[in-house]
Amino acid sequence: MKLRALLSSCLLSTTAIQAATFTVNIATDEFHTPSGSTRSLREALRDAAATPGDDLIVFAPALSGATLVLGGELDFNDATGRVAIDASSLRDGLVLDAGPASNRALTVQAGRRLTVAGLAFRGGGGTGGAVVGAGGAVDNLGSLALVNCSFTSNTATGAGGAIRNAATGSLDARGCAFSGNEAGFGGAVANFDFGTAS
């Protein structure tokens, strides 16, 4: 199935809706207000949250093969609509490194809807926000669709070396690869209570 069809079935079709588009063009985890001539992934998520409706975040071709090293967890809490982060057009891919210490890369808050395509999550340690020691790379409390992503060398002392899917979470992972992730339990994915995962 083509990626566009997958994105459509996983919450966000860029052809069926009028989505605002934000282009990430720098690998540095900067955070300026306003974004200026360069925009980091963290700034793109902030700008998307400030724009009503559905949003699409893409990456400049120059970032193909790059590694984005985070200085801290990305907290996805966009209440204005659905968001897709799409790195699938980058021929050599894009690595999202959780950064120093034991940071987690991403938390999706309850009730929020996010699709991520073509990102390689690496080096998460499960620390960030209110939850520590679970969800090495990603802690999902909302609705998260992952398309053609990879998770490598992420760890958690508790549950979900790569991903913790909380009781409020809905997780749909398609074409994703998991390798070398470790946890107290659920080395790749830990699905809690009434959380749904496919």
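Residues numbered from 1 in each chain as written. Predicted model: local features only at pLDDT ≥ 70, side-chain atom pairs only at ≥ 80, totals over all residues. Heavy atoms only, no water.

## Notes on the overall build of the protein
Logical step 1: Counting secondary structure elements, the protein contains two helices and 21 strands.
Logical step 2: Buried positions account for 50% of the 198 residues belonging to the protein.
Logical step 3: Look at the contacts in the protein between residues 6 or more apart in sequence, and 78% of them connect residues 24 or more apart.
Logical step 4: Only carbon and sulfur atoms are counted for the fraction: they give 54% of the accessible area of the protein, which is about 8300 Å². (Helix = DSSP H or I, 4+ residues; strand = E, 2+ residues; numbered from the N terminus. Buried < 20%, exposed > 50% of the residue type's maximum accessible area, 1.4 Å probe, protein only. Contact = heavy atoms within 4.5 Å. Areas by Shrake-Rupley, 256 points an atom, 1.4 Å probe, with all protein chains shown as cover.)

## Focus on the nonpolar core
Logical step 1: Counting 37 residues, the largest nonpolar core has Leu41, Phe59 and Phe121 as its most contacted members.
Logical step 2: Examining the composition of this core, we find that four residues originate from one element, helix α2 (residues 41-49), more than from any other.
Logical step 3: Leaving out residues up to four positions away in the same chain, phenylalanine 59 has contacts with Thr23, Val24, Leu41, Leu68, Ile85, Asp86, Ala87, Leu90 and Leu94. (Core = buried A, V, L, I, M, F, W, Y, C linked by side-chain atoms within 4.5 Å.)

## Considerations on the side chain of asparagine 181
Logical step 1: Mapped onto the elements, asparagine 181 comes out in the loop between β18 (177-179) and β19 (182-185).
Logical step 2: A distance of 2.9 Å separates a polar atom in the side chain of asparagine 181 from the backbone oxygen of phenylalanine 151.
Logical step 3: With residues near it in sequence (within four places) discarded, asparagine 181 still touches Phe151, Thr152, Ser153, Asn154, Gly161, Ala162 and Gly187. (Polar contact = N/O pair within 3.5 Å; in protein donor to acceptor, adjacent residues only side chain to side chain.)

## What about the sheet that holds β18?
Logical step 1: Pairing is parallel in the open sheet, where five strands are placed in the order β3-β6-β9-β14-β18. Edge positions in the sheet fall to β3 (67-69) and β18, since each has one partner strand and no second. On average, adjacent strands in this sheet sit at an angle of 15 degrees to one another, irrespective of strand direction.
Logical step 2: In terms of strand pairing, β3 meets strand β6 (residues 94-97) through three bridges, oriented parallel. Residue pairing for β6: leucine 68 is matched across the bridge by leucine 96. (Pairing = 2+ DSSP bridges. Axes fitted to C-alpha atoms, helices over the stretch in contact; angles between N-to-C directions.)

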